[in-house]
Amino acid sequence: MTDESPSAPITQDVVTIPRKLPEGGRVNLVGLTRDALHDALVGAGTPDRQAKMRVGQIWQWIYHWGVRDFAAMTNLSKDYRALLAEKFEIALPEVVTRQVSADGTRKYLLRIAGGHEVETVYIPEENRGTLCISSQVGCTLTCSFCHTGTQKLVRNLTAAEIVGQVMLARDDLGEWPEPGAPKDESRLVSNVVLMGMGEPLYNFENVRDAMKIVMDGEGLTLSRRRITLSTSGVVPEIARAAEEIGCLLAVSFHATTDEVRDRLVPINKRWNIETLLNTLRDYPRLSNSERITFEYVMLKGVNDSDEDAKRLVKLIRGIPAKINLIPFNEWPGAPYERSDWERIEAFADIVYKAGYASPIRTPRGEDIMAACGQLKSATERARKSRAAIAAEAGLAEG
Ligand code: SAH
Ligand code: SF4
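Since the model is a prediction, treat every value here as computed from it, not as a measurement.

Caption draft 1: Representation of the site of ligand 2. Around ligand 2, a shell composed of Cys 139, Leu 141, Cys 143, Cys 146, Gly 149, Gly 198 and Ser 232 is seen. When grouped by side-chain class, the residues that make up the shell around ligand 2 number four nonpolar, three polar and no charged.

Caption draft 2: Spatial organisation of the site of ligand 1. If you check the shell around ligand 1, you find 20 residues, and the closest are Gly 198, Ser 230, Ser 252, His 254 and Asn 329. At 2.6 Å from an oxygen atom of ligand 1 is found a side-chain nitrogen or oxygen belonging to His 254. At 3.0 Å from an oxygen atom of ligand 1 is found a side-chain nitrogen or oxygen belonging to Glu 295. Protein contact buries 96% of the 530 Å² of open area that ligand 1 shows by itself. Residue assignment for the shell around ligand 1 shows that the elements contributing at least two residues are strand E10 (227-231) and strand E12 (292-298). Residues belonging to the shell around ligand 1 are distributed by class as follows: nine nonpolar, nine polar and two charged.

Caption draft 3: Looking closely at the sheet that holds strand E3 (residues 94-100). Taken in spatial order, the nine strands line up as E3-E4-E5-E6-E9-E10-E11-E12-E13 in an open sheet, and their pairing is mixed. Each edge of the open sheet is held by one strand with a lone partner, namely E3 and strand E13 (321-327). Pairs of neighbouring strands in the sheet enclose a mean axial angle of 20°, with direction left out of account. In this sheet, strand E4 (residues 106-112) lies alongside E3 in antiparallel orientation, the contact comprising six bridges. Within E4, the residue paired with Arg 98 across the bridge is Tyr 108. Across the face of the sheet, helix H4 (residues 159-173) comes into contact with E3, E4, strand E5 (116-124), strand E6 (129-132) and strand E9 (191-194) while running at roughly 130° to E4. Strands in contact with helix H10 (residues 341-353) are E12 and E13; relative to E13, the strand with the most contacts, it is inclined by about 175°.

Caption draft 4: Spotlight on the pattern of salt bridges. Evaluation of the coordinates by the stated rule reveals 26 salt bridges. Residue Glu 244 pairs with Arg 208 through a salt bridge whose shortest N-O separation is 2.6 Å. Placement of Glu 244 in helix H6 (residues 235-245) and of Arg 208 in helix H5 (residues 204-215) is noted, with a sequence separation of 36 residues between them. With a closest N to O distance of 3.2 Å, Arg 225 and Glu 290 form a salt bridge. Of the two residues, Arg 225 is situated in the loop between H5 and E10 and Glu 290 in the loop between helix H8 (273-281) and E12; the sequence distance between them amounts to 65 residues. By relative accessible area, Glu 290 is classed as buried at 8%. It is possible to trace a salt-bridge network through shared partners that takes in Glu 205, Arg 208, Asp 209, Glu 237, Arg 240 and Glu 244.

Caption draft 5: Quick look at the packing of helix H9 (residues 306-315) against H10. Contact pair H9 / H10: the axes reach a minimum separation of 9 Å and the direction vectors enclose 30°. Of the possible angle classes, the one that applies to H9 and H10 is roughly parallel. For H9 against H10, the interelement crossing comes out right-handed. For the pair formed by H9 and H10, the contact residues are Asp 306, Asp 308, Ala 309, Lys 310, Leu 312 and Val 313 on the first element and Arg 343, Ala 346, Phe 347, Ile 350 and Val 351 on the second. Of the residues in the contact of H9 with H10, the class split is seven nonpolar, no polar and four charged.

Caption draft 6: Broad picture of unusual backbone geometry. Unusually for a residue other than glycine, Thr 221 sits at a positive phi of about 55°. Mapping Thr 221 onto the fold places it in the loop between H5 and E10. Among the residues examined, Thr 221 registers a relative accessible area of 38% and is labelled partly exposed. A positive phi is found at His 254, a non-glycine position, where the angle reads about 65°. For His 254, a relative accessible area of 3% puts it in the buried group.

Rules used in this analysis
- Residues numbered from 1 in each chain as written.
- Chains lettered and ligands numbered in written order.
- Predicted model: local features only at pLDDT ≥ 70, side-chain atom pairs only at ≥ 80, totals over all residues.
- Heavy atoms only, no water.
- Near = heavy atom within 4 Å.
- Nonpolar A, V, L, I, M, F, W, Y, C, P; charged D, E, K, R; others polar.
- Polar contact = N/O pair within 3.5 Å; in protein donor to acceptor, adjacent residues only side chain to side chain.
- Areas by Shrake-Rupley, 256 points an atom, 1.4 Å probe, with all protein chains shown as cover.
- Helix = DSSP H or I, 4+ residues; strand = E, 2+ residues; numbered from the N terminus.
- Pairing = 2+ DSSP bridges.
- Axes fitted to C-alpha atoms, helices over the stretch in contact; angles between N-to-C directions.
- Contact = heavy atoms within 4.5 Å.
- Salt bridge = Lys/Arg side-chain N within 4 Å of Asp/Glu carboxyl O.
- Buried < 20%, exposed > 50% of the residue type's maximum accessible area, 1.4 Å probe, protein only.
- Parallel < 35°, antiparallel > 145°, perpendicular 65-115°, else oblique.
- Left-handed = near helix turned anticlockwise from the far one by under 90°.

Written as structure tokens, this is what we have:
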């Protein structure tokens, strides 16, 4: 994945915890692919010829009905339910706190195995509701404007912990279907964005397996076009995201010269703007109906000039794209300021006139620090000093 040369600035030093619990422990069924669930059931003594049907039944209980107790799986025999309860569990992360913003945004602090904490944010909008989920505890990358990037501790979330965020949001919103009730097509969690904590492409397999479950037609049933994976630019994994997940792609672009992008998004030192753009031009799913979103955080005096806007549209020419301008979300100790509103609009205007949709992302949930790039677990408040952040950003102090 990353190259091993001594000069490579990016390391991927994370711990992935094994799926199966130690001998004697119960195996969590959440997060298993259909094949893995099949193997787990056979391993527990389910006769081969029944296993396929059992997978379908259990899958529906867990992901369609939101059931957490084997005893409630009434189309299975009592003995089989008892066997399942002995060998398996249906376990989700624990919700530690839930905060609701004045604008309706909800932020959940979740505790996962090992006592780590991650955050999930639900953003209700007029015709849809977007769930912003995390893929890692913290992030190995150190984008200088991102609060998560100042959090050192990292471990990859398991597929269970990733899909579990979607299930917990449905719990909280009361969104599981009622048996016998008429089918309700309106969805509270209608979209999922991998824009919480972590770099999803550095936890590829777990993110893929979790998203496959979210997209599965007999469970959570979200269309692949309602899932957006945001990456800082892990070039070797980008095409694989299209092939193995098939979701939409967003790229944290944020700068129009390598000199500035090196400071803002340090992975640029490994894969620079030209390499990234070439990879995006080849993105297997690219089309006008499935455009790549270029995320661009607006930092006062750093990347927000008219020249930047002009360079940006020139750089991405030929790529079916939309440009999402994100007013910088400030956090305590951040070495940047949000661009003025007039500046953001002037920038958006240039982008728009060049033929690109250029929505300015409305900051949501600011009163509960739920906005993009502000997520950081509460137990990790011992953050790097302001000086360390400034040094990494290549900024002089003072
Ligand atoms: N690691 C992935 C996804 C998580 S971050 C990535 O970097 O793409 C989701 C988006 O929020 C990214 O575009 C990221 O650059 C942006 N972001 C991070 N910190 C921010 C901040 N303080 N204000 C605004 N956007 C921020
Ligand atoms: Fe990690 Fe994304 Fe934050 Fe960069 S912006 S530090 S890649 S979470």
